[in-house]
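Examining the three-dimensional arrangement
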Amino acid sequence: MIIKVFKYLLLLIFGLLLIALIILFAGPVWRHWVTYPKLENQISEFQKLRKEPVKLSNLNVYRGVLHAHSFWSHDSEGTLFDIIPAAKNAGLEFIFLTDHPRGNIDTIPRGYNGNYERVLIQPGSEKQGFDCWPLDSVVIDWKLNKDTIAKNIVSNGGIIFYAHTEEPHNWGNPDYQGMEIYNFHTDTKDETLAPHIANFLVNGNKYRPLALREMFDEQTHILARWDSLNMKRKIVGFSAVDTHENQNFRARYLKDGRVEWVGPNANVIDTMEVKWWNKWIFSKPDPSGWIFKFMVDTYNEGFNYITNYVLADTLSVSSLATNLKKGHLYTAFKSLADAKGFMYYSRNENDSINAILGDSVRIDQVKTLDAVSPFPGQFKLIHDGKTVNVSTEEDYQFSWKEQLKKGAYRIEMHIRLNGKLIPWLYSNPIYVY
Ligand SMILES: [Zn+2]
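All figures in this text were calculated on a predicted structure; none of them were measured in a lab.

Surrounding the zinc ion are the protein donor atoms H67 (NE2), H69 (NE2), E126 (OE) and D242 (OD), at 2.1 to 2.2 Å. In this structure, the zinc ion is surrounded by four donor atoms whose angles at the metal cover 80 to 170°, and the resulting shape is irregular.

This part covers the domain arrangement of the chain. Domain parsing of the chain yields domain 1 (60–245 + 299–305), domain 2 (249–294) and domain 3 (342–432). Once you take the C-alpha centre of each, domain 2 and domain 3 turn out to be 51 Å apart.

Okay, the environment of G129 next. Along the polypeptide, G129 turns up in the loop between β6 (125–127) and β7 (130–133). G129 sits 40 residues away from H169 along the chain, and the two C-alpha atoms are 7.5 Å apart. Excluding residues that lie within four positions of it along the chain, G129 makes contacts with F161, Y162, A163 and H169.

Once that is clear, we can look at the environment of D131. Tracing the chain through its elements places D131 in strand β7. The class for D131 is buried, based on a relative accessible area of 0%. Separated by 54 residues in sequence, D131 and H185 have C-alpha atoms that sit 14 Å apart. For D131, the contacting residues outside a window of four places in its chain are H67, T98, S125, E126, I159, I160, F161, Y162, A163, E180 and F238. At 3.2 Å, the side chain of D131 forms a polar contact with the side chain of H67.

Time to look at the packing of helix α1 (residues 2–47) against helix α5 (residues 193–203). Between α1 and α5, the least distance of the axes is 8 Å, while the angle of their chain directions is 45°. Classed by the angle they form, the pair α1 and α5 counts as oblique. Like other packed secondary-structure pairs, α1 and α5 cross with a definite hand, here right-handed. Of the residues in α5, those in contact with L24, F25, P28, V29, R31, H32 and Y36 of α1 are A194, P195, A198, N199, L201, V202 and N203. For the contact of α1 with α5, the residue count by class is ten nonpolar, three polar and one charged.

At the junction of I108 and P109, the peptide bond is cis and its omega measures out at 5° in the coordinates. Tracing the sequence through the fold places P109 in the loop between β3 (105–108) and β4 (114–116). Positioned with a positive phi, H164 is a non-glycine residue whose angle comes to about 45°. Topologically, H164 is positioned in the loop between β9 (159–162) and β10 (178–183). What makes H164 buried here is its relative accessible area of 8%. Its identity is not glycine, yet D384 carries a phi of approximately 45°, on the positive side.

What follows deals with the pairing of strand β11 (residues 236–240). Judged by how many residues are buried, β11 sits mostly within the fold: five of five residues are covered. Residues V236, F238 and A240 line one face of β11 and the alternating positions G237 and S239 line the opposite face, and both faces are buried. Inspection of the sheet shows β10 paired to β11 by five bridges, in the parallel sense. Within β11, the position partnered with M179 by the bridge is G237.

Rules used in this analysis
- Residues numbered from 1 in each chain as written.
- Predicted model: local features only at pLDDT ≥ 70, side-chain atom pairs only at ≥ 80, totals over all residues.
- Heavy atoms only, no water.
- Donors = N, O, S within 2.8 Å, 3.2 Å for Na, K, Ca; no water.
- Tetrahedral: all angles 85-135°; square planar, octahedral: opposite > 155°, others 65-115°.
- Domains from an automatic or database assignment.
- Helix = DSSP H or I, 4+ residues; strand = E, 2+ residues; numbered from the N terminus.
- Contact = heavy atoms within 4.5 Å.
- Buried < 20%, exposed > 50% of the residue type's maximum accessible area, 1.4 Å probe, protein only.
- Polar contact = N/O pair within 3.5 Å; in protein donor to acceptor, adjacent residues only side chain to side chain.
- Axes fitted to C-alpha atoms, helices over the stretch in contact; angles between N-to-C directions.
- Parallel < 35°, antiparallel > 145°, perpendicular 65-115°, else oblique.
- Left-handed = near helix turned anticlockwise from the far one by under 90°.
- Nonpolar A, V, L, I, M, F, W, Y, C, P; charged D, E, K, R; others polar.
- Pairing = 2+ DSSP bridges.

So, in structure tokens, the structure goes:
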């Protein structure tokens, strides 16, 4: 009798487990065979719509990442072998790193600093909720009050931006020059992990960018915060990929011939002897020494996911930094379409351009607010957090000729994929005073 009950119970558990697995994997399998091939096709069709806009500014556009991690951070193992090919693949021209310091004293520069195969790397730091790039040789004592550290960096010409803007900050501190308006890590925080793991197991290889994109949510609270801060003072908006290349399982040889397993956040999880029965898992070491890799958040996909487009005179740290602080940048989801060529500007009575994104302009000197884009989309004009106009047609250009009020006017663009309009580009505002 007991054996019989036990048998049924086992069968029931097995049945429930099977149902759970079917529910968990049905979506990913459907996406693999139906949704993703269709979506991939639509993205490549959309990308054919690219039209090169006329250059409207003397400044050049440089693509780059602000807020990423390398081996210098305790939770990353990233080296140039991974970073540079990924940056080149994504068409990046600069990376402003934000490595976590190793202790309370941080000396900058450290780690990677300079031009590596035409990719400019500037070291910075991320701690206590800010991204900073002192742009100079400094020693930061992280035991000091955070606002004091910020003040010191800014008064020496450095950059301080709010990082992880989903968390509380001293929003009123006037030293901060900008904030993350999108951070991939922030975006993933509200996700239930199991469905994404299942999706990644099925689609992580063939459709990795689309599988990562599955976690996207529009960051409405953060954008609202950005708008409200911009009503009081200028706060530059930028995107952070926050790539660590660390949500992975990897293995490498130790000096004594044993194998070390490294798990998420670059934590060593085990070491083992290489035996005849486990040898087959390992391949020849790659340039970074890995003999086994199961990767989720790679630099390759991270750098391509969302990109900052900075308008600057030259590809140099000083020019990039100056223009970053001015808000001469827009940010877009590059894996959908490359936004290089977009421009947002104002014109005066004589139709001459008198301000570009990030600039301030006197109200009696603006006749129109205009934008051009390399791809057709829906333009949204937002004034101090309120949408004042949404273009009815998906177009390559936008012009707003109505009477303006004082305040910050920014542009958002949505593009149509799979029949739906989805957020694609965020521009810094033009400040009308
Ligand atoms: Zn980070």
